Amino acid sequence: MSEEVFINKVLKGIGVSSGITYGRVRLLERGKIPINKRPIKEEQGDKEILKFRNAIKHAVEELNGIKQTMPDDEMRKHSFIIDAHMLILQDEFFTNAVINTIKEDKINAEWALDIVVSEFLSSFEKVEDSYLRERGQDIKYIYDRLVRILVKGKSSGINDFNIKGKMIIAAHDLSPADTIQLNLNKISGFITDVGGRTSHTSIVARALEIPAVVGVGNITGLVKNNDTIIIDGDEGVAIINPTKEVKKDYIVKQIHLKVQRREFLRVAKLKPETRDGFKMKVGANIELLAEMDIIERYGAQGVGLYRTEYIYLSRKELPTETDHYHIYKKLSENKAMEYITIRTLDIGGDKFVSNIEMPKEINPAMGLRAIRLCIKEVGLFKAQLKGILRASAYGPLKILIPMISGIDEVRRAKAILAECMDELARKKIEFNKDMKFGIMIEVPSTCMISDKLASEVDFFSIGTNDLIQYTLAIDRVNEYVSYLYEPMHPAVLKMIKQTVENAHAHKIEVALCGEMAGEALYVPVLMALELDEISMNAYSIPKAKKIIRGLDHSYCKELLDEILKRDSGREGNLLLRNEMARLFPNDFIQCYEE
Ligand code: PEP
Ligand code: MG
């Protein structure tokens, strides 16, 4: 903890949950408890093993206790994270590794645990992709809990802290168990030293709408309890002990954001239709079931993209057909959604899950990813397809296949789906035989053959995150080339244009669900390109609707013609930005030549 008193100290991290908050810090210190190596005599081995087994039992009881006392239903939805921790604690491979180390190295339980966990973590840390690396955090949380029990007899929970009034929790890293046992009424923000967009804490903070900034570096070394702090979850910024002036600026910004959000929420439920009658559906992208309430409030007409990877991530065993079925059935039961697009497993590239063994690849973004893996591991694919089919009997589900590169993959995926239908029909299990079947357009080859693909499927969904990555040859997770990420690049625009024209010539619909859809700036271009749907994170929906409702489609088309005459994405972007600043001066800033 810092002795220095900082004033107006600005820290930069990753804004993972939107909103601005200001309050007093409650430092959640989970510093490493010092442990000692203690050699033991052979006959003391059983005593240490018993101590370790009791610690496991105690930890499971603590976690069970947390589950029972979770403050409200919203939290309880996330209790699967605690279940995942309990499964690791009860994993025989893990416990046997510690017990064998006690026996073989003749050392105390804490030290044996430390050795085993360090070995586990070093394998996790070598992995470059964020999803799998974040799972190493789960092992750290469990280690922390067990060491505290072994050394102190109990592991302090977050509720041991006497939190008065609203607090901003500052921690090295919040364990998922910490996050979900917090009493929401007392917490107005999170800030952590480590973590990324895909960490459990970030996902849960977003789903619960608590502003959060993670990956700040050393917040726990810089703040003390009761310091004041501003958290800006949009900009990924925190300011320790802001002066009155800075605080005032942020209060103004906070009020502005609140007013803006209120104004946006007013238009959230309005129809996305231009002044001259052009309609474009506005959907939401989700990762968690818990997000359904939020997307409804923010005016989503449907779910344009449900990234199902999180289902695999949140459990130790692979999800079964029945697990899938229950999740998708729950989604189907939300009658406010006109459609729910379930994308089949898209792992590989920058996304990994620990329960599927993947080969080590030099270039995973172009490797055994998404549909390529599903076609290879048919059993894995069929469990998900059958789960979706069974749930399709209850609501307007659509199926979306990621990472298609050619027509043979589409036909193979359709053949596997047909097998699943046969198998269900034979068992007399109900499903929607006409469920819409679509593919992601995110590999450049699919834009070029979109005329052929359009006669094979019911809809397209353009994934610009990957389409831009593969078209412009820029790794989407590499910060050194991120300046080349240009949605207005003429090549990208021409690809989208060609895809939409071919789709419409075959009378099928086209959605766009990459991050580009959530940037209000691009909405006029997407309307001009005549996309049938744009799908984005919930918070961007109201602003997108405001833009749609404030423009004429004919104007958007003229604007796109002008943008397409420009030689580069930068020039097109400049023109677009300035036009939007002219038309919506409160929402966009004029920009001069960069
Ligand atoms: C995309 O590639 O644009 C997309 C929506 O999928 P993801 O970001 O999950 O790869
Ligand atoms: Mg993609």
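Here we summarise the structure given alongside this text. If you're wondering where the values come from, they're calculated on a predicted model, not measured in any experiment.

**Points about the pattern of salt bridges**
Okay, step 1: Counted according to the given criterion, the structure contains 29 salt bridges.
Okay, step 2: Ionic pairing is found between K224 and D227, a salt bridge with its closest N-O pair at 3.8 Å.
Okay, step 3: According to the relative accessible area criterion, D227 is buried, its value standing at 9%.
Okay, step 4: Here D346 makes a salt bridge to R343, at a shortest N to O gap of 3.4 Å. Each member of the pair, D346 as well as R343, carries the same accessibility label: buried.
Okay, step 5: Through salt bridges with shared partners, a single ionic network connects E309, R343, D346, R369 and D466.

**Some remarks on the site of ligand 1**
Okay, step 1: What surrounds ligand 1 is a group of 15 residues, the closest being R307, R343, G463, N465 and R476.
Okay, step 2: A distance of 3.0 Å separates an oxygen atom of ligand 1 from a polar side-chain atom of E442.
Okay, step 3: Residue T464 places a main-chain N or O atom 3.1 Å away from an oxygen atom belonging to ligand 1.
Okay, step 4: For ligand 1, the accessible surface in isolation is 290 Å², of which the surrounding protein chains cover 99%.
Okay, step 5: Sorting the residues of the shell around ligand 1 by element identifies β10 (303-307) and α19 (464-472) as the ones contributing at least two each.
Okay, step 6: Top contributing element to the shell around ligand 1 by residue count: α19, with three residues.

**Notes on the sheet that holds strand β16 (residues 533-536)**
Okay, step 1: Spatially, eight strands are ordered β9-β10-β11-β12-β13-β14-β15-β16 in a closed barrel, and the strand pairing comes out parallel. The sheet shows a mean angle of 25° between the axes of neighbouring strands, direction not considered.
Okay, step 2: Pairing of strand β9 (residues 281-286) with β10 involves three bridges; the strand directions are parallel. Counted as the bridge partner of I286 is Y306 from β10.
Okay, step 3: Against the sheet, helix α22 (residues 541-549) makes contact with β9 and β16, and its axis sits at roughly 165° relative to β9, the strand it touches most.

**Let's talk about the pairing of strand β15 (residues 509-512)**
Okay, step 1: As defined by bridge partners, strand β14 (residues 459-462) adjoins β15 across four bridges and the pair is classed as parallel. Across the sheet, the residue bridging to F460 is V510, located in β15.
Okay, step 2: Here β15 pairs with β16 via two bridges, running parallel. If you follow A511 over to β16, its bridge partner there is E533.

**Examining the coordination of the magnesium ion (ligand 2)**
Okay, step 1: Looking at the magnesium ion (ligand 2), one finds its protein donor set to be E442 (OE) and D466 (OD), positioned 2.0 to 2.2 Å from the metal centre. Here D466 lies in helix α19 and E442 lies in the loop between β13 (436-441) and α17 (444-448), a separation of 24 residues in the sequence.

**Considerations on the side chain of E110**
Okay, step 1: By the secondary structure assignment, E110 is in helix α5 (residues 109-125).
Okay, step 2: Overall, E110 belongs to the buried group, its relative accessible area being 10%.
Okay, step 3: In this structure the side chain of E110 is engaged in a polar contact, spanning 3.2 Å, whose partner is the side chain of K51.

**Examining unusual backbone geometry**
Okay, step 1: Not every positive phi belongs to a glycine, and N8 is a case in point at roughly 55°.
Okay, step 2: Not every positive phi belongs to a glycine, and K428 is a case in point at roughly 60°.
Okay, step 3: You can see K428 is positioned in the loop between α16 (407-426) and β13.

**Comments concerning the packing of helix α15 (residues 378-391) against α16**
Okay, step 1: The contact between α15 and α16 brings their axes to 9 Å, and the two run at 60°. Overall, the two elements α15 and α16 adopt an arrangement that is oblique. You can see that α15 and α16 cross each other, and the crossing is right-handed. Of α16, the residues touching α15 (which contributes V378, F381, K382, L385, K386, L389 and R390) are R412, A413, I416, L417, E419, C420, M421, E423 and L424.
Okay, step 2: Residues of the contact of α15 with α16, tallied by class, amount to 10 nonpolar, no polar and six charged.

**Things to note about helix α4 (residues 92-105)**
Counting along an α-helix, one turn takes 3.6 residues, and residues three or four places apart therefore face a common direction.
Okay, step 1: For α4, which comprises 14 residues, the first-to-last C-alpha distance of 19 Å matches the rise-based estimate of 20 Å (1.5 Å per residue) to within 8%.
Okay, step 2: Within the span of α4, buried status applies to F94, T95, V98, I99, T101 and I102. All buried residues of α4 lie within an arc of 155° about the axis, which places them on one face of the element. When the buried face of α4 is taken as reference, the exposed residues oriented beyond 90 degrees from it are E92, F93, K103 and E104.
Okay, step 3: Once α4 ends, the next one or two residues include K106, with phi positive near 50°.

Rules used in this analysis
- Residues numbered from 1 in each chain as written.
- Chains lettered and ligands numbered in written order.
- Predicted model: local features only at pLDDT ≥ 70, side-chain atom pairs only at ≥ 80, totals over all residues.
- Heavy atoms only, no water.
- Salt bridge = Lys/Arg side-chain N within 4 Å of Asp/Glu carboxyl O.
- Buried < 20%, exposed > 50% of the residue type's maximum accessible area, 1.4 Å probe, protein only.
- Near = heavy atom within 4 Å.
- Polar contact = N/O pair within 3.5 Å; in protein donor to acceptor, adjacent residues only side chain to side chain.
- Areas by Shrake-Rupley, 256 points an atom, 1.4 Å probe, with all protein chains shown as cover.
- Helix = DSSP H or I, 4+ residues; strand = E, 2+ residues; numbered from the N terminus.
- Pairing = 2+ DSSP bridges.
- Axes fitted to C-alpha atoms, helices over the stretch in contact; angles between N-to-C directions.
- Contact = heavy atoms within 4.5 Å.
- Donors = N, O, S within 2.8 Å, 3.2 Å for Na, K, Ca; no water.
- Parallel < 35°, antiparallel > 145°, perpendicular 65-115°, else oblique.
- Left-handed = near helix turned anticlockwise from the far one by under 90°.
- Nonpolar A, V, L, I, M, F, W, Y, C, P; charged D, E, K, R; others polar.
- Expected span 1.5 Å × (residues − 1).
- Arc of directions from axis to C-beta.

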